[in-house]
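What follows is each chain in one-letter form.
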Amino acid sequence: MMNTQHLLHLVPLLSLGLFTFLLAGFVKGVIGLGLPTVAVGLLGLAMPTAEAAALLIVPSLVTNVWQLLAGARFSALAKRLWPMLIGIGIGTWTGGGWLANGGDFAGMALGVALLAYAALGLAAVRLHVPKSWPGARVSALGGVIGVITGLVTAATGVFVIPAVPFLQALDLDKDDLVQALGLSFTVSTVALAAGLAHDGIFHGRAIGVSLLALAPALGGMFFGQWVRTRVSATVFRRCFFVGLAMLGAELVIQHMR
C-alpha cells in the first residue's frame, strides 16, 4: 500500500520535471539562454529552491559546454572575460549556504530575480560599455559584475543577472555573444554545483535525477533550434519574458504566505 502511495506521489513530480526540462531546453534552443531560469523557476513552485537548483546542474552544464565549444574564439573571450569569471566563483562561494538554508527567503529571492530579469527584457533595456574605456576599467567592472552574479546565483540558483546585460553591453558580435554566454553560464554552473555539493544538496540521488533530466532538456533544445528558424525571435522573447514575470510574481506571492 505504501509503495502505491509513494508512486502516486511521485507521478506529479516526474510529470512536472519532464515538462519543465522539455520547456527549458526548448527556450534555450530558440533564444540561446533560459534553461536554468525556467527550470529553477518552475520546479521552485513544487520543491525547495536549493533542490530545484541541484536538478538543473547536469542539463545546464552539458548544454552550456556545447554552446561554449560551438564558437571559434574561446581563448580570446576567456582572456577578455577572466575577471568576471573569477568574480562569479568568488561571489558564489561567498554566498555558500544561502540556498540550502534560505527557506522561504530563497524562494522569494528567486521570484524577485525573475521579475527583475523579465522587466529588463520587456523594457528592451540595452546598456553599452563605452568603447573609450581602457581595458583595465572594463576588467574591473567585469570583476564586480561577476561577484554580484555569483551572489545572486548563491541566493537564487539562477545566473543571468547582471551577467547577461553586461555581456550584451560589450557589443560583441552575435556568435561571440553566444559563446560568451556559454562560457559565463558554464562557470556559474560549476560554481553552483560546488556550493550545493559542499552544503550536501548536490549528492548521489540528486546527481542521478539531474542526469535523467538531461534527455528531455536536450530534446527540447533540438526542437527549439528547429523552431528558431521558423518563428519571430522578437515575439518569442516577448512571450518568454511575460511568462517569466508571471512565474516570478507567483513565487513571490507563494513565499509571502
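Residues numbered from 1 in each chain as written. Predicted model: local features only at pLDDT ≥ 70, side-chain atom pairs only at ≥ 80, totals over all residues. Heavy atoms only, no water.

1. What about the packing of helix α4 (residues 57-69) against helix α11 (residues 204-228)?
This is how the line gets drawn: Working convention: axes come from line fits to C-alpha atoms, limited for helices to the stretch in contact. Angles between N-to-C directions cover 0 to 180 degrees. Secondary structure elements follow DSSP: runs of H or I no shorter than four residues count as helices, runs of E no shorter than two count as strands, and numbering proceeds from the N terminus. Under this scheme an angle from 65 to 115 degrees is roughly perpendicular, one under 35 degrees roughly parallel, and one over 145 degrees roughly antiparallel; angles in between are oblique. By convention, the crossing between two helices is left-handed when the near helix turns anticlockwise from the far helix through less than a right angle, and right-handed when the turn is clockwise. Two residues qualify as a contact provided that any one of their heavy atoms is within 4.5 Å of a heavy atom in the partner residue. In this classification, Asp, Glu, Lys and Arg are treated as charged, Ala, Val, Leu, Ile, Met, Phe, Trp, Tyr, Cys and Pro as nonpolar, and every other residue, Gly included, as polar.
Between α4 and α11, the least distance of the axes is 6 Å, while the angle of their chain directions is 45°. Comparing the axis directions of α4 and α11 gives the class oblique. Our pair here, α4 against α11, has a crossing hand that is right-handed. Counted together, Ile-57, Val-58, Pro-59, Val-62, Thr-63 and Trp-66 of α4 and Ile-207, Ser-210, Leu-211, Ala-213, Leu-214, Ala-217, Leu-218, Met-221 and Phe-222 of α11 form the full contact between these two elements. By residue class, the composition of the contact of α4 with α11 is 13 nonpolar, two polar and no charged.

2. Quick look at helix α10 (residues 174-198)
Selection rule: For a helix, the expected span equals 1.5 Å multiplied by the residue count minus one. We define a polar contact as two N or O atoms separated by no more than 3.5 Å, with the added condition that, inside protein, one atom must be a possible hydrogen donor and the other a possible acceptor, whereas residues neighbouring each other in sequence contribute only through side-chain atom pairs.
An ideal rise of 1.5 Å per residue puts 36 Å on 25 residues; α10 measures up with 36 Å between its terminal C-alpha atoms. Here α10 starts with a cap whose side-chain oxygen sits 3.2 Å from the backbone nitrogen of Asp-175, and that cap is Asp-173. Gly-200 sits one or two residues past α10 and shows a positive phi near 80°.

3. Describing unusual backbone geometry
For the bond from Ile-161 to Pro-162, the omega torsion is -5°, close enough to zero to count as cis. Tracing the backbone shows Pro-162 in the loop between α8 (135-156) and α9 (163-169). Look at Asp-171: it is not a glycine, yet its phi comes out positive at around 55°. Position of Asp-171 relative to the elements: it lies in the loop between α9 and α10.

4. Side note on a nonpolar patch on the surface
In plain terms, the rule: Note on patches: the residues involved have over 30% relative accessible area and no salt bridge, like charges join within 9 Å, and the nonpolar side chains Val, Leu, Ile, Met, Phe, Trp and Tyr join within 5 Å. The Shrake-Rupley method, run with a 1.4 Å probe sphere, supplies the accessible areas, and residue values consider only the shown protein chains as cover. Salt-bridge detection follows one rule: a side-chain nitrogen of Lys or Arg within 4 Å of a carboxyl oxygen of Asp or Glu.
Nonpolar side chains collect at one region of the surface, where Val-62, Trp-66 and Phe-222 lie side by side and expose about 270 Å² of accessible area between them. Note that Trp-66 resides in helix α4.

5. Structural notes on the confidence of the model for the chain
The cut-off we apply is this: One number per residue, pLDDT, summarises how confident the predictor is, and it ranges from 0 to 100.
For the chain, per-residue confidence averages 88 on the pLDDT scale, and residues scoring 70 or more make up 95% of the total. In the model, residues 4-10 has pLDDT below 50 throughout and makes zero contacts with residues more than four positions away in sequence or in other chains.

6. Details of the packing of helix α2 (residues 35-43) against helix α12 (residues 233-256)
Between α2 and α12, the shortest axis-to-axis distance is 10 Å and the interhelical angle comes to 35°. As α2 runs across α12, the sense of the crossing is left-handed. Across the interface between the two elements, Thr-37, Val-38, Gly-41 and Leu-42 of α2 pack against Phe-240, Leu-244, Leu-247 and Leu-251 of α12. Of the residues assigned to the contact of α2 with α12, the class counts are six nonpolar, two polar and no charged.

7. So, the pattern of salt bridges
Oppositely charged side chains may form a pair once their charged atoms are brought near each other. The final tally for this structure, using the stated rule, is one salt bridge. Note that Arg-73 is salt-bridged to Asp-176, the shortest N-O span being 2.8 Å. Linking Arg-73 in the loop between α4 and α5 (74-94) with Asp-176 in helix α10, this pair joins segments that are 103 residues apart in sequence.

8. Side note on the packing of aromatic side chains
Definition in use: Any two of the Phe, Tyr and Trp rings considered here, Trp counted by its six-membered ring, make a pair once their centres fall within 6.5 Å; the pair's planes then place it as stacked at under 30 degrees, edge-to-face at over 60, or tilted in between. We call a residue buried when its accessible area falls under 20% of the maximum for its residue type, exposed when it is over 50%, and partly exposed in between, using a 1.4 Å probe and counting protein chains only.
If you walk through the whole model with that rule in mind, you get seven aromatic pairs. Centroid distance Phe-159 to Phe-185: 5.8 Å. Interplanar angle 45°. Geometry classified as tilted. One end of the pair, Phe-159, is in the loop between α8 and α9; the other, Phe-185, is in helix α10, with 26 residues separating them in the sequence. Exposure remark for Phe-159: the relative accessible area of 0% places this residue in the buried category.

9. Focus on the environment of Met-84
With respect to the secondary-structure elements, Met-84 resides in helix α5. Ignoring anything within four residues of it in the chain, the contact list for Met-84 reads Gly-142, Gly-143, Ile-145, Gly-146, Phe-166, Leu-167 and Ser-184.

10. Considering the side chain of Ser-210
Structurally, the position occupied by Ser-210 is in helix α11. Only 2.9 Å separates the side chain of Ser-210 from the backbone oxygen of Leu-55, close enough to count as a polar contact. In contact with Ser-210, not counting residues within four places along its chain, are Ala-54, Leu-55, Leu-56, Ile-57, Val-58, Pro-59 and Phe-202.

11. Overview of the side chain of Gln-67
Inspection of the secondary structure assignment puts Gln-67 in helix α4. Within the local environment of Gln-67, its side chain forms a polar contact with the backbone oxygen of Val-178, the two atoms lying 2.8 Å apart. What Gln-67 contacts, discounting residues up to four positions off in sequence, is Lys-28, Gly-32, Val-178, Gln-179, Leu-181 and Gly-182.

12. A word on the environment of Ala-233
Relative to the assigned elements, Ala-233 resides in helix α12. Along the chain, Ala-233 and Phe-74 lie 159 residues apart, while their C-alpha atoms are 26 Å from each other.

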